[in-house]
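Structural description and commentary
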Amino acid sequence: MSDTAARSPVSAPQMIADALLRSVAGSSAQLRVTGASSDSSQSELGLIATTFSEVVISPVVMRKLRPAAKPGDASQWEMLVSATSVQAQVNALDLQSAQALFSMTLAVTMAGADYLIESVASNEAFGKVYLYRLTLRETFQQTL
Amino acid sequence: MQNAKDSFYLALRSRLAVINPQRTVLVRGALRPGILLEDAEAPVAQPPADVFVMHWGALGAETELPSAMVAMECEISYCTSGTQAFGGLDRGRSLTAMDRELIAILRPPSTPKVNYSVQPAAPMQTQVFWDEPTFPSITVQRDRVSRSARVMVYSYQEQGE
């Protein structure tokens, strides 16, 4: 939900969000981003190895949303991500938007564990995003 | 077997691009026809909407014939929540459109077998052919309706396969 207050956009909310994330032991996470495919038949058939790059975003904070109910179930997590960090990577990778960055992300790695992105939401103030909230699910290997 | 699977997927992909060029999907930064091979893409938490997702299932082989014939079951799943312009109220129509497209891309029920693991792709001597698809009833999950059609795909094993 965006704030429609008639005030000039400032970066104060982003700075406050970053400060809050750091103050609660904000850490860093890695996004495993695929390189743009050549869109050939071979890449669609899995014949050409996809290139990956690791994109570091910081500060981030993780919290568990739903524990696994039974063995084999995947726990759900929420990752709060600094919007300034995401924007820096969007600019560095020359992407259109943060959504493009997240759609190219195969997995999120934090503390050596891999997670899949289930959904992306954002918080805005003065029309500018100051925080991204990623709903993550543990990858299958970790749920066994 | 792999050549038959590759040929089947690429035949459907090419036909879909002709039948409905608007049905596309953005994968790894590339805009492609809206059909994916599940086992050649990254794992996802939820299948993408308005896209055909192919998944290979059961396998059988007839070795008593002069040339061994392999039968593979292909499940083609698709789901939709309708369009934003209609507030999702057209999801039934969207699913019907996908049913129609799937029937259309499965005709004619054969395609030449091609070896795509070499560059350039090498045509083989036999064809890949398939049965009529079966369409089980739809599954409704909140605002999303989905269906998984099944089709049996056959091919003869050629020398060197």
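These numbers were taken from a predicted model, which means no experiment stands behind them.

Here is what the cut-offs are and how they apply
- Residues numbered from 1 in each chain as written.
- Chains lettered and ligands numbered in written order.
- Predicted model: local features only at pLDDT ≥ 70, side-chain atom pairs only at ≥ 80, totals over all residues.
- Heavy atoms only, no water.
- Salt bridge = Lys/Arg side-chain N within 4 Å of Asp/Glu carboxyl O.
- Helix = DSSP H or I, 4+ residues; strand = E, 2+ residues; numbered from the N terminus.
- Buried < 20%, exposed > 50% of the residue type's maximum accessible area, 1.4 Å probe, protein only.
- Phe/Tyr/Trp six-rings, centres within 6.5 Å; stacked < 30°, edge-to-face > 60°.
- Core = buried A, V, L, I, M, F, W, Y, C linked by side-chain atoms within 4.5 Å.
- Contact = heavy atoms within 4.5 Å.

What follows covers the pattern of salt bridges. Residues and elements named next belong to chain A. Per the stated rule, a full pass over the model turns up 13 salt bridges over all chains. Of the charged contacts, one joins R32 and E54 as a salt bridge, the two residues approaching to 3.5 Å between their closest N and O atoms. Here E54 lies in strand β2 (residues 52–66) and R32 lies in strand β1 (residues 27–34), a separation of 22 residues in the sequence. Judged by its relative accessible area of 23%, R32 is partly exposed. E78 is the partner of R133 in a salt bridge, and the nearest nitrogen-oxygen pair spans 3.8 Å. Residue R133 is located in strand β6 (residues 128–138), and its partner E78 is located in strand β3 (residues 76–82); the two are separated by 55 residues in the primary sequence. Overall, the relative accessible area of 28% leaves R133 in the partly exposed class. The class of E78 is buried, set by a relative accessible area of 9%.

A few words now on unusual backbone geometry. In this chain, A:S58 is followed by A:P59 through a cis amide linkage whose omega measures 0°. One can find A:P59 in strand β2. Note the cis peptide between B:R107 and B:P108, where omega equals -5°. Topologically, B:P108 is positioned in the loop between α2 (91–105) and β6 (110–115). At A:D94, a residue that is not glycine, the phi angle is positive and equals roughly 60°. Summarising the element assignment, A:D94 is placed in the loop between α3 (83–92) and α4 (98–103). According to the relative accessible area criterion, A:D94 is exposed, its value standing at 69%. A positive phi angle, near 55°, is found at A:F126, a position not held by glycine. Looking at the secondary structure, you find A:F126 in the loop between β5 (113–125) and β6.

A few words now on the packing of aromatic side chains. Residue and element names in this part refer to chain B. Taken as a whole and judged by the stated rule, the model has seven aromatic pairs over all chains. When the centroid spacing of 4.9 Å and the interplanar angle of 75° are considered together, the rings of F8 and W130 count as edge-to-face. Of this pair, F8 sits in helix α1 (residues 2–19) while W130 sits in strand β7 (residues 122–130), placing them 122 residues apart in sequence. Note on F129 and Y156: the rings are 6.1 Å apart at their centroids and 45° apart in plane angle, and the pair reads as tilted. Placement of the pair is F129 in strand β7 and Y156 in strand β9 (residues 144–156), with a sequence separation of 27 residues. Exposure remark for F129: the relative accessible area of 26% places this residue in the partly exposed category. An aromatic cluster of at least three residues, connected via ring pairs, comprises F8, W56 and W130.

B:F8, B:L12 and B:M54 are the most contacted members of the largest nonpolar core, which has 31 residues in total. For this core, the secondary structure elements donating two or more residues are α1, β3 (35–37), β4 (52–62), β5 (69–80), α2, β7 and β9 of chain B. If one sorts the elements of this core by residue count, α1(B) sits on top with six residues. Setting aside residues no more than four positions away along its own chain, B:F8 makes contact with B:M54, B:W56, B:C74, B:L106, B:W130, B:V151 and B:V153. Core analysis: the second largest hydrophobic core is formed by 26 residues, A:V60, A:M62, A:V129 and A:Y132 among them.

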